[in-house]
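Summary of structural features
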Amino acid sequence: MATPTTSPVTTVVYALGYRTWADALRVGSAFSPERIATRLRDDRSVERAVLVDPVRSQLRRLKPDRPAPPPFAIDPSREHLQPRRWRRGEPTERDEAVAVQRRLDRRLQRHVDPSSTVLVTSHPVLAAVADRDVWRDVAFYAWDDFRGVPDSAALVGWAYAEVVARDVNVVAVTQAIVDIIGARRSTVVPNGIVSADFEEQAAVPAWFAALGGKVAFYAGSLQRRIDVEALQDLADDLPAEWTLVLVGPMQEPECFTDLATRHNVLIRDAEPRPQVLAMMAVADVCLVPHVPETEGMSPLKVYEYLGAGAPVVATDLEPMRGLSPHCRLVAHGARLAPEVLAAAAGPRATAAETAEFRSAHDWDRRYLAWRAAILGS
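To keep things clear, this report deals only with the structure shown in the data block. (Residues numbered from 1 in each chain as written. Predicted model: local features only at pLDDT ≥ 70, side-chain atom pairs only at ≥ 80, totals over all residues. Heavy atoms only, no water.)

With that settled, consider the environment of Ile36. Within the secondary structure, Ile36 sits in helix α2 (residues 32-42). Each C-alpha atom, one on Ile36 and one on Val129, is 23 Å from the other, the two residues being 93 residues apart in sequence. In contact with Ile36, other than residues within four places in its own chain, are Tyr14, Tyr141, Trp363, Tyr367 and Trp370. (Helix = DSSP H or I, 4+ residues; strand = E, 2+ residues; numbered from the N terminus. Contact = heavy atoms within 4.5 Å.)

For Thr121, the position within the fold is in strand β6 (residues 117-121). In terms of polar contacts, Thr121 uses its side chain to reach the backbone carbonyl oxygen of Ala15, at 3.2 Å. Setting aside residues up to four positions removed in sequence, Thr121 forms contacts with Tyr14, Ala15, Leu126, Ala127, Ala139, Phe140 and Tyr141. (Polar contact = N/O pair within 3.5 Å; in protein donor to acceptor, adjacent residues only side chain to side chain.)

A few words on the pairing of strand β10 (residues 214-219). Extensive coverage of β10 is indicated by the burial of 5 of its 6 residues. Examined bridge by bridge, β10 and strand β13 (residues 285-288) share 2 bridges and lie parallel to one another. If you follow Phe217 over to β13, its bridge partner there is Cys286. (Buried < 20%, exposed > 50% of the residue type's maximum accessible area, 1.4 Å probe, protein only. Pairing = 2+ DSSP bridges.)

Our next topic: the nonpolar core. Grouped together as the largest cluster of nonpolar side chains are 56 residues, with contacts concentrated most on Tyr14, Val120, Phe140, Tyr141, Phe146, Ile181 and Trp370. If we ignore the near neighbours within four places in the chain, the residues touching Ile181 are Phe140, Ala142, Tyr160, Val163, Val164 and Val170. Judged by nonpolar contacts, the second largest core, of 55 residues, contains Val247, Ala310, Val313 and Leu323. (Core = buried A, V, L, I, M, F, W, Y, C linked by side-chain atoms within 4.5 Å.)

In spatial order, the strands read β4-β2-β1-β6-β7-β8-β9; together these 7 strands make up an open sheet with parallel pairing. At either end of the open sheet lies a strand with only one pairing partner, and these are β4 (78-81) and β9 (186-188). Averaged over all pairs of adjacent strands, the angle between strand axes in this sheet comes to 20°, irrespective of strand direction. Sheet analysis places strand β2 (residues 48-52) next to β4, joined by 4 bridges and oriented parallel. Paired with Ala49 across the strands is Arg78, a residue of β4. The sheet contacts of α2 involve β1 (11-15), β2, β4 and β7 (137-142), and relative to β1 the element is tilted by about 160°. (Axes fitted to C-alpha atoms, helices over the stretch in contact; angles between N-to-C directions.)

To continue, consider the state of the cysteines. In total, this model carries 0 disulfides according to the counting rule given. Cys286 carries a free sulfur, and the closest cysteine sulfur to it, the one in Cys327, is 11 Å from it. (Disulfide = S-S within 2.5 Å.)

Per the stated rule, a full pass over the model turns up 12 aromatic pairs. Aromatic pair Tyr141 and Trp370: ring centres 6.0 Å apart, planes at 80°, arrangement edge-to-face. One end of the pair, Tyr141, is in strand β7; the other, Trp370, is in helix α14 (residues 363-375), and 229 residues separate them in sequence. Trp370 matches Tyr141 in its accessibility class, with the two residues each being buried. Through successive ring pairs, a cluster of aromatic residues spans Tyr18, Phe140, Trp143, Phe146 and Tyr160. When the ring centre of Phe72 is taken as reference, the NZ or CZ atom of Arg41 above it lies at 5.7 Å. (Phe/Tyr/Trp six-rings, centres within 6.5 Å; stacked < 30°, edge-to-face > 60°. Lys NZ or Arg CZ within 6 Å of the ring centre and 35° of its normal.)

Our focus in this paragraph is the pattern of salt bridges. Tallied over the full model, the rule gives 29 salt bridges. Here Arg35 and Asp197 are joined by a salt bridge, their closest N and O atoms 2.9 Å apart. Taken together, the residues Arg35 in helix α2 and Asp197 in the loop between β9 and α7 (206-209) connect sequence positions 162 residues apart. On the basis of relative accessible area, Arg35 is assigned to the buried category, the value being 12%. Here Asp197 falls in the partly exposed class, since its relative accessible area comes to 26%. Note that Asp145 is salt-bridged to Arg147, the shortest N-O span being 2.6 Å. When its relative accessible area of 12% is taken as the criterion, Asp145 is described as buried. Under the relative-accessibility criterion, Arg147 is labelled partly exposed at 37%. (Salt bridge = Lys/Arg side-chain N within 4 Å of Asp/Glu carboxyl O.)

This is the structure:
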């Protein structure tokens, strides 16, 4: 393998993994890939920035299902590529996945001068196969542990090993992901929030306002990453005036069948992001009840809860530790109710504490750390 050239970096290509720019906009642009992409677009110290969607089927263009989202940029030095192939779906078999990502790598090399370009990708297979002999550098931005992508654990595990063998630069949201991959060059840049999102609070939905009593609140995708048994115990343990509310897209309904039968549990579909932030701000306690296998995550919701000024009760996982005195941690397997009741009875964060938290964890700061890890400046 050739050593990367020392020519100045003039271009950054950021290739998304698994979710397109349009997908991100449809769910409120809250997650780290779109936060990074937006700041990269607006960073005038980068001469040219190219955002690249994951490879999608040409057939999607023939289906007039949704209106086109706003463009990524109108500045010609900020580009948005939408690579296509004919087959549908994300390939999970290694040979096909490698072939798709190698074709994308060659296309990107033709689109820019790779000798002065850093290729950043959140797709582990592209990070594994990108040609290190031609790019100025290759970086893998791991904003999640992608072994959890359906049917992809073996493929992603192989990709992680290739990332290490090829000395790809890894920037991850948690130390756990860095440790899992084991790359020589690695940096942790946790998740974050946008302070401005909390400055003008929307009204909560009418159904939420009508609940009465106290609320323990969870916002996020409803899937097996949630410790549903802990929530069932919580629902059984809470006093009569409490309601356990879960709001988010139902991705694995079979996991929540028993929980939904509890008389004091309310499960609702996803709400617009401003309303979700408003519910966080007025809930008595917000919850992050994750199973231990999620230790590689940097949960956005815990930053949003604390940014909204809410007390938090979370499973004791490394990414939750040391964030705030208003985040109470519970060992996996222990009952949540005692800490939930204590959090609700204790003082909430002051305005000054909340403002300090927002500033410390704002994406403007996170992006500077990310850019330094990617570009060295």
